[in-house]
Amino acid sequence: MPKPASPPPPGIALALLSALLFGASTPLAKLLLGSTSPLMLAGLLYLGSGFGLLALRTGARHITWLRPLHTQEAPLRRADFGWLALAVMTGGMAGPALLMLGLAHTDAASASLLLNLEGLATMVIAWSVFHENTDRRVVLGAFAILAGACVLSWSGAGITASTGALLIAGACLCWGVDNNATARLSGADPTQITLIKGLVAGTVNLTLALATGASFPPPALLVGALLTGFAGYGASLVLFILGLRALGAARAGAYFSLAPFAGACLAIPLLHEAPTLRLVLAGGLMALGLWLHLTERHEHDHTHDSMEHEHRHTHDAHHQHSHGPNDPTGEPHTHRHQHVALTHRHAHYPDLHHRHTH
């Protein structure tokens, strides 16, 4: 008899919650966009992410009722800075700039469809460059989710080939690179990664907005933009990085493609938009994709090479190491540790310890 599907890892719930928060930020940003320029809004959203997480991180260390939010995570090390710089430059600087330039030269319908290329770019890079494991079920599930996103953004007019379309496609490629670069950092502190990306990207976008003549929105809308950025960009990205840690870039990117559906559902009560047949059809395709992924079972004999790294962990089957006198003892904990070579068989995802070749 076939073995039952293994229980889904908690990374799936984290990636889905990340998509929900980011999707919810879209109709909220749409409400704010009429009062300021797109580039100014992008800068405020990123700064809201960076400063919000910085405040939360500081508060969790010093304010009693916030201390449950403080967790021990591995800090970024010098070896991580190359991947971090690539993620910030592609996802926080080049991506938004190309998107804003593209939106100025293309129609809204084409832009909505083209933005789905981010999920496709993330998956193709993960599978072809970083060789994340995949099979027919995972590919079909990922493309069912992407098909649902395309149905949701379809206006009947198709895509108009233009310079703007190429610029938006370039932005999506940048975000695909960003997602895969961030996956290489996913063992480190996700809050630290996100606040650095938010502060750098926010400062760059805000500077560009002011240099092109944009002005700040009224105070109430300014606060609204910062809070939206904290939830939809900051908290969302922290959860997404935790999803990357457990699932790899391709699967986490596929789940994140559900964000437009979450935004469309929230727009019904928030913007008084009516449910449509497209929303129902998109939901069906995405549900099919989720079912294919949630019932996946990837199991085979595999070898873990000897390696040394640092991340938050418990002493499970993959962490049977000894401790030095200065290493922490409570679990979960963080310290640099050695993995010995190990060959075994169990169901697994391309997480931090299962990025092996097939």
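Residues numbered from 1 in each chain as written. Predicted model: local features only at pLDDT ≥ 70, side-chain atom pairs only at ≥ 80, totals over all residues. Heavy atoms only, no water.

K.L.:
Even after reading the chapter, I still don't get the overall build of the protein chain, so can you show me in this structure?
P.N.:
Assigned secondary structure in the protein chain consists of 12 helices and four strands. A total of 358 residues make up the protein chain; the buried ones form 47% of that total. Taking as baseline every contact in the protein chain between residues at least 6 positions apart, the subset at least 24 positions apart corresponds to 86%. Summing over all exposed atoms, the protein chain offers an accessible surface of approximately 16900 Å²; the carbon and sulfur share of this is 69%. (Helix = DSSP H or I, 4+ residues; strand = E, 2+ residues; numbered from the N terminus. Buried < 20%, exposed > 50% of the residue type's maximum accessible area, 1.4 Å probe, protein only. Contact = heavy atoms within 4.5 Å. Areas by Shrake-Rupley, 256 points an atom, 1.4 Å probe, with all protein chains shown as cover.)

K.L.:
When you look at the side chain of Arg245 in this model, what are you seeing that I'm missing?
P.N.:
Tracing the sequence through the fold places Arg245 in helix α9 (residues 219-247). The exposure class assigned to Arg245 is buried, which follows from its relative accessible area of 12%. Only 2.6 Å separates the side chain of Arg245 from the backbone oxygen of Ser186, close enough to count as a polar contact. (Polar contact = N/O pair within 3.5 Å; in protein donor to acceptor, adjacent residues only side chain to side chain.)

K.L.:
I would appreciate a short explanation of the environment of Ala121 in the present structure.
P.N.:
Locating Ala121 in the fold gives a position in helix α5 (residues 117-128). Since its relative accessible area comes to 13%, Ala121 is described here as buried. Considering only alpha carbons, one finds Ala121 and Gly176, 55 residues apart in sequence, at a separation of 4.9 Å. Leave out the neighbours within four places in its chain, and Ala121 touches Cys172, Leu173 and Gly176.

K.L.:
Help me out: how do you make sense of helix α12 (residues 277-294) in this one?
P.N.:
Along an α-helix, residues three or four positions apart point the same way, because every turn accommodates 3.6 residues. For α12, built from 18 residues, the straight-helix expectation of 26 Å at 1.5 Å per residue is met to within 8% by its first-to-last C-alpha distance of 26 Å. Listed as buried for α12 are Leu279, Ala282, Gly283, Met286, Gly289, Leu290, Leu292 and His293. Elements in contact with the buried residues of α12: α1 (10-33), α6 (136-153), α10 (249-256) and α11 (259-270). (Expected span 1.5 Å × (residues − 1).)

K.L.:
Would you take a moment to explain the nonpolar core for this structure?
P.N.:
Ranked by size, the top nonpolar core spans 34 residues in total, and within it Met123, Ile193 and Tyr255 carry the most contacts. In this structure Tyr255 touches Ile12, Ala15, Leu16, Ala19, Ile145, Leu247, Leu290 and His293, once residues within four positions along its chain are discounted. (Core = buried A, V, L, I, M, F, W, Y, C linked by side-chain atoms within 4.5 Å.)

K.L.:
Please clarify how the pattern of salt bridges should be interpreted in this entry.
P.N.:
Inspection of the entire model under this criterion finds three salt bridges. Among the ionic pairs, Asp189 bridges to Arg57, the shortest N-O distance being 2.7 Å. Placement of the pair is Asp189 in the loop between α7 (163-183) and α8 (190-211) and Arg57 in helix α2 (residues 38-62), with a sequence separation of 132 residues. The partner of Glu132 in a salt bridge is Arg184, with the nearest N and O atoms 3.9 Å apart. Taken together, the residues Glu132 in the loop between α5 and α6 and Arg184 in the loop between α7 and α8 connect sequence positions 52 residues apart. (Salt bridge = Lys/Arg side-chain N within 4 Å of Asp/Glu carboxyl O.)

K.L.:
How should I be thinking about the layout of surface pockets in this particular structure?
P.N.:
Over the atoms a probe the size of a water molecule is rolled, and this reveals where empty space is left. When its volume is computed, the second largest pocket comes out at roughly 820 Å³. As for the second largest pocket, its lining consists of 32 residues, and the residues nearest its centre are Met307, Glu308, His309, Leu352 and His353. Among the secondary structure elements, those contributing two or more residues to the lining of the second largest pocket are β1 (299-304), β2 (307-313) and β3 (333-339). The leading source of residues in the lining of the second largest pocket is β2, at four residues. When grouped by side-chain class, the residues that make up the lining of the second largest pocket number 11 nonpolar, 13 polar and eight charged. (1 Å grid on protein atoms, 1.4 Å probe; cavity = no way out; pocket = protein on both sides within 12 Å on 5 of 7 lines; lining within 4 Å. Points joined across faces, edges and corners; volume = space filled by probe spheres on them. Nonpolar A, V, L, I, M, F, W, Y, C, P; charged D, E, K, R; others polar.)

K.L.:
Looking at this model, I keep getting lost on the environment of Ala55. Mind explaining?
P.N.:
Relative to the assigned elements, Ala55 resides in helix α2. As a C-alpha pair, Ala55 and Leu195 span 140 residues in sequence and 9.9 Å in three-dimensional space.

K.L.:
Teacher, can you tell me more about the packing of α1 against α9 here?
P.N.:
Packed helices, taken two at a time, are described by the angle their axes make and the gap between the axes. Taken N-terminus to C-terminus, the directions of α1 and α9 make an angle of 160 degrees; their axes are 8 Å apart at the nearest point. Comparing their axes, α9 and α1 come out roughly antiparallel. Here α1 runs over α9; the crossing is left-handed. Considering only residue class, the contact of α1 with α9 consists of 18 nonpolar, eight polar and no charged. (Axes fitted to C-alpha atoms, helices over the stretch in contact; angles between N-to-C directions. Parallel < 35°, antiparallel > 145°, perpendicular 65-115°, else oblique. Left-handed = near helix turned anticlockwise from the far one by under 90°.)

K.L.:
Before we go on, may I ask you to explain α9 in this structure?
P.N.:
Between its first and last C-alpha atoms α9 spans 40 Å; for 29 residues at 1.5 Å apiece the expected length is 42 Å, and the two agree. Residue Phe230 marks the point of greatest curvature in α9, where the axis turns by about 30 degrees. At the exit of α9 stands Gly248, carrying a positive phi of roughly 85 degrees. (Bend = angle between axes of the 7 residues up to and from the residue.)

K.L.:
Help me out: how do you make sense of the packing of α5 against α7 in this one?
P.N.:
At their nearest, the axes of α5 and α7 sit 8 Å apart, and the two run at 45 degrees to each other. The orientation of α5 relative to α7 falls into the category oblique. Along this stretch, α5 crosses α7, giving a crossing that reads as right-handed. Contacts between α5 and α7 pair Leu117, Glu118, Ala121, Thr122, Ile125 and Ala126 from the former with Ala169, Cys172, Leu173, Trp175, Gly176, Val177, Asn179 and Asn180 from the latter. Across the contact of α5 with α7, the residue classes break down as nine nonpolar, four polar and one charged.

K.L.:
What's the story with the packing of aromatic side chains in this structure? I'm lost.
P.N.:
Geometrically, a pair of aromatic rings is defined through the distance of the ring centres and the angle of the planes. All chains considered together, the criterion is met by five aromatic pairs. Here Phe22 and Phe256 contribute two aromatic rings whose centre-to-centre distance is 5.2 Å and whose plane-to-plane angle is 35 degrees, an arrangement assigned as tilted. Of this pair, Phe22 sits in helix α1 while Phe256 sits in helix α10, placing them 234 residues apart in sequence. Summarising the aromatic geometry, the rings of Phe240 and Phe256 are spaced 5.1 Å apart at their centres and angled 55 degrees between planes, so their arrangement reads as tilted. Of the two residues, Phe240 sits in helix α9 while Phe256 sits in helix α10, which places them 16 residues apart along the sequence. (Phe/Tyr/Trp six-rings, centres within 6.5 Å; stacked < 30°, edge-to-face > 60°.)

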